[in-house]
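Here's the letter readout for the chains.
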Amino acid sequence: MRYDLDLIASWIAPESRVLDLGCGQGELLEYLHQAKNVQGYGVEQDEAKAAEGIARGVSILQGDITREVMDYPDHFFDFVVLSQTLQQVAEPLGLIRQMLRVGRRAVVSFPNFAHWRGRCQMFFQGRAPVTPELPYEWNDTPNIRVITLVDFKRFCVRHSIPVIEAVAVKTEPSARTGLILNWLPNLRATNGIFLLGR
Amino acid sequence: MSEYAEHDLDAEGVGLVEKRLFTFAQDEPMPLESGAVIGPVTLAYETYGTLAPDGSNAVLVCHALTGDSHAAGVYSASDPKPGWWEVMIGPGKGIDTDQYFVICANVLGGCMGSTGPASIDPATGQPYGPDFPVLTIGDMVRAQKALLDHLGVKRLLAAVGGSMGGMQVLEWAARYPDRLVSAIALATAPRHSALQIAFHEVARQAIVADPDWNGGRYYSCCKPAHGLAVARMIGHITYLSDEAMRHKFGRGLQDRADFSFSFDADFQVESYLRYQGRKFVERFDANSFLYITRAADYFDLGSTHGGGSLTKAFSRGKVRFLVVSFSSDWLYPTYQSRELVQALKRAGKDVSFCEIEAHWGHDAFLLDSPRLAGLISGHLERTSRDMARGIL
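To keep things clear, this report deals only with the structure shown in the data block. The structure displayed is predicted, hence computed values, not measured ones.

## Side note on the packing of aromatic side chains
One pass over the structure, following the stated rule, counts 23 aromatic pairs over all chains. Geometrically, the ring pair formed by B:W84 and B:W85 is stacked, given 5.6 Å between the ring centres and 15° between the ring planes. Residues B:W84 and B:W85 agree in their burial class; the two are buried. Geometrically, the ring pair formed by B:Y218 and B:Y219 is tilted, given 4.5 Å between the ring centres and 35° between the ring planes. You can call B:Y219 partly exposed: its relative accessible area is 27%. The structure contains a cluster of three or more aromatic residues connected by ring pairs, namely A:Y41, A:Y72, A:F76 and A:F77. Stacked on the ring of A:F76, the Lys or Arg A:R17 has its end atom at 4.1 Å from the ring centre. Positioned over the ring face of A:Y72 is B:K345, at 4.8 Å from the centre of the ring.

## Side note on the pairing of strand 5 (residues 58–62) of chain B
Residue and element names in this part refer to chain B. Burial within strand 5 is extensive, with five of its five residues counted as buried. Side chains A58, L60 and C62 of strand 5 all project onto a buried face; the interleaved residues V59 and V61 project onto the opposite face, where all are buried too. Relative to strand 8 (residues 101–105), strand 5 runs parallel, the two being bridged by four bridges. When the sheet's bridge partners are listed, L60 is paired in strand 8 with I103. Pairing between strand 5 and strand 9 (residues 156–162): four bridges, direction parallel. Bridge pairing in strand 9 places V59 opposite A158.

## Here we look at the environment of B:L290
Residue and element names in this part refer to chain B. Within the element layout of this structure, L290 appears in helix 7 (residues 286–298). A relative accessible area of 12% places L290 in the buried class. Separated by 160 residues in sequence, L290 and P130 place their C-alpha atoms 9.8 Å apart. The contact partners of L290, leaving out residues within four places of it in the chain, are R204, I207, V208 and W213.

## Thoughts on the nonpolar core
By size, the foremost hydrophobic cluster in this structure holds 111 residues, and its most contacted members are A:L19, A:L21 and A:F152. The contacts of A:F152, once residues within four sequence positions are left out, are A:L86, A:I96, A:V108, A:F110, A:I147, A:F194 and A:L196. Within the second largest apolar cluster, 62 residues are counted, among which are A:L195, B:A158, B:F326 and B:L380.

## Observations regarding the interface of chain A and chain B
Interfaces are often described in size by the accessible area the parts lose on coming together. With 22 residues of chain A at the contact, the number on the chain B side is 25 residues. For the pair chain A and chain B, the summed buried surface comes to about 2,000 Å²; carbon and sulfur atoms form 46% of the total. Its largest share of buried area at the contact with chain B, chain A owes to A:E47, A:Q62 and A:D71, together 28% of the area lost on that side. The tally of links from chain A across to chain B stands at five salt bridges. Two residues, A:E68 and B:R338, come together in a salt bridge whose shortest N-O distance is 3.0 Å. Our count for the chain A to chain B interface comes out at 17 residue pairs in polar contact (both at pLDDT 80 or more). Elements that contribute at least two residues to the side of chain A that touches chain B include exactly helix 3 (47–55), strand 3 (59–62) and helix 4 (65–68) of chain A. Among the elements that take part in the side of chain A that touches chain B, helix 3 of chain A stands out by supplying six residues, more than any other.

## Things to note about the pattern of salt bridges
Throughout the structure, instances matching the rule amount to 26 salt bridges over all chains. Salt-bridge contacts for B:D242 lead to B:R246; the nearest nitrogen and oxygen are separated by 3.3 Å. Of this pair, B:D242 and B:R246 both sit in helix 5 (residues 242–248), four residues apart, which is roughly one turn of the helix. Considered together, B:D242 and B:R246 belong to a single accessibility category, that of exposed residues. What emerges from the salt-bridge pattern is a single network uniting A:E68, A:D71, B:R338, B:K345 and B:R346.

Cut-offs and rules
- Residues numbered from 1 in each chain as written.
- Chains lettered and ligands numbered in written order.
- Predicted model: local features only at pLDDT ≥ 70, side-chain atom pairs only at ≥ 80, totals over all residues.
- Heavy atoms only, no water.
- Phe/Tyr/Trp six-rings, centres within 6.5 Å; stacked < 30°, edge-to-face > 60°.
- Buried < 20%, exposed > 50% of the residue type's maximum accessible area, 1.4 Å probe, protein only.
- Lys NZ or Arg CZ within 6 Å of the ring centre and 35° of its normal.
- Helix = DSSP H or I, 4+ residues; strand = E, 2+ residues; numbered from the N terminus.
- Pairing = 2+ DSSP bridges.
- Contact = heavy atoms within 4.5 Å.
- Core = buried A, V, L, I, M, F, W, Y, C linked by side-chain atoms within 4.5 Å.
- Buried area = accessible area lost by both parts, 1.4 Å probe.
- Salt bridge = Lys/Arg side-chain N within 4 Å of Asp/Glu carboxyl O.
- Polar contact = N/O pair within 3.5 Å; in protein donor to acceptor, adjacent residues only side chain to side chain.

Here's what the structure looks like:
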């Protein structure tokens, strides 16, 4: 499994109930079910991915994450995961509040826009960054939010969202290995992963 | 339901099957939701595959409006037509008969061997006709439960069905949540919309306006063939989609180079509808059509089981759901499935949902679709596995 997903999985308690928003084909949920006996539910917009996930035996709802999360009862989940999707969400605060309404804990991960590779492209070439983590040109990107680790921490403080754990990660997309960084994380990390509480 | 089932000689099917009959409510009649009673009641049914010794692999397949118990296989080597869901049921198929014991029964009120308006009323010795009591989907499901009791199936691994079959599946989940582990509802709705009732009403009016209908007492003479054929034609239009019709027929002419300037069937689509109407009259009873469409119209799960709340209707039990809709289905549009899914989520149920991109309208659930087969088999396998692990 991907390094960032592996880290997320390590935070999730066995036997818990997990909602994965933007779950793709449900790899994380499938792993959690097998390894930790987790009861997993996913939401995925793409029909083909949702269908493949269901066919693999994962519970998935095909639909829009911001709308689908609203129907669940309060405190229904132990963990709600939003992996590598926050940069595409129109109303991040509303979604994170919903995640913490339906779940006891929320896990949010996103690519770090302040990574040195992107900064260099901006500084030396004067171009909007295109990196392995953010591989889109300005005109075809689904990413409508520019998020850095520092920005997200400030966001949590401003909106009184308790950050229980935060890790800065250096990894390649779809790589199984990586590093957790403590020195100059906002410059060196490709991804940030946050565990939020109520 | 359409006439799609064709022999696929390359694919392995369940082979020779036999229609069986089960009769109950002989001594004490079965009370119906309307307050009327009926008895004895016979259900025609078929089974495929083998029931596991612990009874954990039974799958009930519920047919749509004009379907029957013949869901898969053939009655003889020379039988030209297999059951209506041959594409889904069989060894290695979406509902794998090597793994599961599949049961399909003709609904109460039907005319393919189950007790319906064309059956003999023991009180008079004549066909019931209009004296047949009005039924509900709940009554159909209670009759199916009697059959399962008879077959020794204590708990279903799954109930599966599309359209009116999907309504039966939902009714099962709300009425007998302890008797099934999962429910697979395809191209269906928790209650009929005004549009759905309207189509049924026009179809019923076509039947009762036929002079041969004779107030429902036509069994000794001529049946209301024209009215029933028109009812079927209306149905066929609603089962397809604009795109499917354009693709299938366009404005193509049938057996002629130019218009006849008459009301003959000049267009291919007219000829197709007339042919389907004629064929339907040969196999279906007009009164059954009236009673069954009425049952579907009355169906309102939230009102029957939840005091008006669909969420409450699903509050009991731990049934796991798979809900599927099709993008071009304008008879049972996706919003109805989403409404159902929303209620299931609010009730805290484990539910999967997928809207399959398909161009063939409502009938898509009957057609060969690797995607649909994959969804169903994945759901069944997981449910089966979790049941074996003791989670469900």
